[in-house]
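This is what each chain is made of:
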Amino acid sequence: MNILRRILPISLHLPKCLSTLSTQQTFALLQRKMSPSVRAISTTAPGAELMEFFDDKKHWGEQEVKHGRGWTKDDLRIKSNSDLHQLWFVLLKERNMLLTMEHECKEKMELFPSPERLDKVKESMNNLEEVVRERNRAYHELETGQTGERPGKVVPNELGIRFYYRAFEHVIPGYANRKWNERHKFTYRGSAVKKFLLLYRERLYNEKRKLRNRERNEVVHLLRRYPNLDRETLAQRFPSVDVEKLFKLDKIRMN
């Protein structure tokens, strides 16, 4: 309706204008009269448009781009809901821009400057989602005594591997929903599946054992090379390794 209100007065005076103005002048006049109403629909700044999917031109070809840290949960908890809503779209726009630049750099076989920016944006978006969930849980627990989140449970699939299944709402109840029952089978049976589970668990155990041995060997190498290394920092870096026990070994102390 706002656009029609702007067009109708122009259409009434159009015959008079055409008699005195040229074609280019008439088109410029119409564009100048209609541009405010059309631009009010868009959220993109005039002149930017699709270039907002790309980084600033002064950053093209740079090895490193200066940037700040990501948004932590403590920073987001003091924000209002409207601020979080606006910040979400700012981060979403930044993520789309970084993904576009990353793809363009791969196509041009060039170095993507400061790729850690994408990790910080993703971390900020995950923290924002967690803060919103905290507020939703607090609100629902205060009003209804429940969390308000979608219920779920840990169930096994047909191969016996356990996963977290989130429930969905269905018009047909579970005992009468044939398609749902055919697609979701939370049981396993048969000797072949049991043999698979034994081999699968053995593989997981071997992977954990090899990782633990690699971390232990790395700690031994660090202690032999740097005997005065801070043990508390080393224990935080390698929580699965008993640093104090390794430090008492003769090969660590070089006795």
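Cut-offs used in this document
Residues numbered from 1 in each chain as written. Predicted model: local features only at pLDDT ≥ 70, side-chain atom pairs only at ≥ 80, totals over all residues. Heavy atoms only, no water. Helix = DSSP H or I, 4+ residues; strand = E, 2+ residues; numbered from the N terminus. Expected span 1.5 Å × (residues − 1). Buried < 20%, exposed > 50% of the residue type's maximum accessible area, 1.4 Å probe, protein only. Pairing = 2+ DSSP bridges. Patch = residues over 30% accessible without salt bridge, like charges linked within 9 Å, V, L, I, M, F, W, Y side chains within 5 Å. Areas by Shrake-Rupley, 256 points an atom, 1.4 Å probe, with all protein chains shown as cover. Salt bridge = Lys/Arg side-chain N within 4 Å of Asp/Glu carboxyl O. Lys, Arg positive; Asp, Glu negative; His and termini not counted. Charge placed at Lys NZ, Arg CZ, Asp CG, Glu CD. Core = buried A, V, L, I, M, F, W, Y, C linked by side-chain atoms within 4.5 Å. Contact = heavy atoms within 4.5 Å.

Visitor: Can you lay out helix H8 (residues 191–225) for me, pointing to particular residues and giving the numbers?
Guide: Note on helix geometry: an α-helix contains 3.6 residues per turn, so any two residues three or four positions apart are oriented the same way. In this model H8 runs 51 Å from its N-terminal to its C-terminal C-alpha over 35 residues, within 8% of the 51 Å that 1.5 Å per residue would give. Among all positions in H8, only Val193, Leu197, Glu215, Val219, Val220 and Leu223 are buried.

Visitor: Could you give an account of the pairing of strand S1 (residues 152–156), with specific residues and numbers?
Guide: Alignment of S1 against strand S2 (residues 162–166), held across five bridges, turns out to be antiparallel. Note that in S2 the partner of Val154 across the bridge is Tyr164. Adjacent in sequence and paired antiparallel, S1 and S2 are bridged by five residues, among which Gly160 carries a positive phi angle near 85°.

Visitor: Help me get a handle on a nonpolar patch on the surface, residues and values and all.
Guide: There is a patch of nonpolar side chains on the surface, built from Leu159, Phe196, Tyr200 and Leu204 and spanning about 310 Å² of accessible area. With respect to the helices and strands, the residue Phe196 is situated in helix H8.

Visitor: So what's going on with a negative patch on the surface? Residues and values would help.
Guide: On the surface, Glu64, Glu116, Asp119 and Glu123 cluster together into a negatively charged patch. Turning to its location among the elements, Glu116 is positioned in helix H6 (residues 116–143). Given the relative accessible area of 31%, Glu116 is considered partly exposed.

Visitor: Residue-level account of the nonpolar core, with values.
Guide: The biggest cluster of nonpolar side chains holds 14 residues, and the ones touching the most others in it are Leu76, Leu91, Leu98 and Leu128. Of all the secondary-structure elements, those providing two or more residues to this core are helix H5 (81–107) and H6. In terms of residue count, H5 provides more of this core than any other element does, seven residues in total. Once residues lying within four places of it in the same chain are set aside, the contact partners of Leu91 are Trp71, Val121, Ser124, Met125 and Leu128. Counting residues in hydrophobic clusters, the runner-up holds eight residues, among them Val220, Phe238, Val241 and Val243.

Visitor: So, the side chain of Asn127: which residues are in play, and what are the values?
Guide: Its location among the elements puts Asn127 in helix H6. With sequence-adjacent residues up to four places away left out, Asn127 is seen in contact with Trp71, Thr72, Lys73 and Leu76.

Visitor: I'd like a description of H6, backed by residues and values.
Guide: In this model H6 runs 41 Å from its N-terminal to its C-terminal C-alpha over 28 residues, within 8% of the 40 Å that 1.5 Å per residue would give. Phi turns positive one or two residues past the end of H6, at Gly145, with a value near 80°.

Visitor: Kindly report on the pattern of salt bridges, identifying the contributing residues and their values.
Guide: If you walk through the whole model with that rule in mind, you get ten salt bridges. Here Arg137 makes a salt bridge to Glu130, at a shortest N to O gap of 3.4 Å. For the salt bridge of Glu182 with Arg178, the shortest nitrogen-to-oxygen distance reads 3.3 Å. Note that Glu182 and Arg178 are positioned in helix H7 (residues 178–183) at a spacing of four residues, about one turn of the helix. On the basis of relative accessibility, which here comes to 48%, the residue Glu182 falls in the partly exposed class. Overlapping salt bridges bring together Glu129, Glu130, Arg133, Arg137 and Glu149 as one network.

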